[in-house]
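Commentary on secondary and tertiary structure
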Amino acid sequence: QVQLVESGGGLVQPGGSLRLPCAASGSIASIITMGWYRQAPGKQRELVAQITRGGSTNYADSAKGRFTISRDNAKNTVYLQMNSLKLEDTAVYYCNRVSFSGTTWGQGTQVTVSS
């Protein structure tokens, strides 16, 4: 069973930055897609950013220009770099892995943007 462990969350002021690593227990080189989702209180989980096996990326409109998803296959880790954080970015952020063996979710890491 593949396991995903997110970290890097915390409290940050508006305009600040955070970098969230997602460490996989197995190789991420053969994924279909890896992505970051978030869920704020009272809202549905939404896609923030994703990266495919070939390295192409997609972002939610709210994340474009501020967030960057990347990966390090040697470390089996995907990163979400979040800059210019806004109050609306406050949520639990979840790492997601989709492969032919199934879909895996991490446990989530809390990001709170507050002044």
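As shown above, the structure is provided for reference.
Here we summarise the structure given alongside this text. (Residues numbered from 1 in each chain as written. Predicted model: local features only at pLDDT ≥ 70, side-chain atom pairs only at ≥ 80, totals over all residues. Heavy atoms only, no water.)

**As for the state of the cysteines**
Heads up, the rule is: The disulfide criterion used throughout: a pair of cysteine sulfur atoms within 2.5 Å. Counting from the N terminus, the helices are the DSSP runs of H or I reaching at least four residues and the strands are the DSSP runs of E reaching at least two.
In the structure shown here, the tally under the stated rule is one disulfide. Bridging Cys-22 to Cys-95, the disulfide has an S-S length of 2.0 Å. Torsion about the S-S bond of the Cys-22 and Cys-95 cystine: about -85°, corresponding to left-handed handedness. Within this pair, whereas Cys-22 is found in strand E3 (residues 18-24), its partner Cys-95 is found in strand E9 (residues 91-99), the two being separated by 73 residues in sequence.

**Digging into the pairing of strand E8 (residues 77-82)**
Under the convention used in this document: The cut-offs for exposure are 20% and 50% of the maximum accessible area for each residue type, with area from a 1.4 Å probe on protein chains only; residues under the lower value are buried, those over the upper are exposed, and the others partly exposed. Strand pairing requires that DSSP identify at least two bridges connecting the strands.
Among the six residues that make up E8, five are buried, leaving the element largely enclosed by the rest of the structure. Summarising the sheet, E3 and E8 pair through six bridges and their orientation is antiparallel. Looking at E8, one finds that Leu-18 is bridged to Met-82. Between strand E7 (residues 67-72) and E8, which pair antiparallel in sequence order, lie four residues; one of them, Asn-76, sits at a positive phi of approximately 50°.

**A look at the pairing of strand E10 (residues 102-105)**
With four bridges joining them, E9 and E10 adopt antiparallel strand pairing. Bridge pairing in E10 links Ser-99 to Gly-102. Adjacent in sequence and paired antiparallel, E9 and E10 are bridged by two residues.

**Looking at the nonpolar core**
As a reminder, the rule being used: Among buried residues, those of type Ala, Val, Leu, Ile, Met, Phe, Trp, Tyr and Cys that are joined through side-chain atoms within 4.5 Å constitute a nonpolar core. Only heavy atoms enter the contact rule, under which two residues are in contact if any of them lie within 4.5 Å.
Within the largest apolar cluster, 26 residues are counted, with the highest numbers of intra-cluster contacts made by Met-34, Trp-36, Phe-67, Leu-80, Met-82 and Tyr-93. Among the secondary structure elements, those contributing two or more residues to this core are E3, strand E4 (33-39), strand E5 (46-52), E7, E8, E9 and strand E11 (109-113). In terms of residues, this core owes the most to one element, E3, which gives four residues. Non-local contacts of Met-34, meaning those with residues more than four positions away in its chain, are made with Leu-4, Cys-22, Ile-28, Ala-49, Gln-50, Ile-51, Ile-69, Val-78, Cys-95, Asn-96 and Arg-97.

**Focus on the side chain of Thr-77**
This is how the line gets drawn: For this analysis, a polar contact is any N or O atom pair within 3.5 Å, provided that within protein one partner can donate a hydrogen and the other can accept it, and provided that sequence-adjacent residues contribute only side-chain to side-chain pairs.
As for its placement among the helices and strands, Thr-77 is situated in strand E8. For Thr-77, the side chain forms a polar contact with the main-chain oxygen of Lys-75, separated by 2.8 Å. With residues near it in sequence (within four places) discarded, Thr-77 still touches Pro-21, Cys-22, Ala-23, Ile-28, Ser-70, Arg-71 and Asp-72.

**With respect to the sheet that holds E7**
To keep things clear, this is the line we draw: Only the contacting stretch of a helix is used when fitting its axis, a line to C-alpha atoms as for every element, and angles between N-to-C directions run 0 to 180 degrees.
Spatial ordering of the open sheet is given by E1-E3-E8-E7, a layout of four strands whose pairing is antiparallel. Edge positions in the open sheet fall to strand E1 (4-6) and E7, since each of these has one partner strand only. Averaged over all pairs of adjacent strands, the angle between their axes in this sheet comes to 15°, without regard to strand direction.

**Description of the packing of aromatic side chains**
Aromatic ring pairs are described here by two measures, namely the spacing of the ring centres and the angle between the planes. Operational definition: Note on aromatic contacts: the rings of Phe and Tyr and the six-membered ring of Trp form a pair at centre separations within 6.5 Å, being stacked when their planes are under 30 degrees apart, edge-to-face when over 60 apart, and tilted otherwise. Here, a charge over a ring is recorded when the distance from Lys NZ or Arg CZ to the ring centre is within 6 Å and its angle to the ring normal is within 35 degrees.
A complete count under the given rule lists one aromatic pair for this structure. Geometrically, the ring pair formed by Tyr-37 and Trp-105 is edge-to-face, given 4.9 Å between the ring centres and 70° between the ring planes. You can see Tyr-37 sitting in strand E4 and its partner Trp-105 sitting in strand E10, a full 68 residues away along the chain. Using a relative accessible area of 21% as the deciding quantity, one classes Tyr-37 as partly exposed. The ring of Tyr-94 has Arg-45 lying over it, and the distance from NZ or CZ to the ring centre is 3.9 Å.

Nothing here speaks to function; it is geometry throughout.
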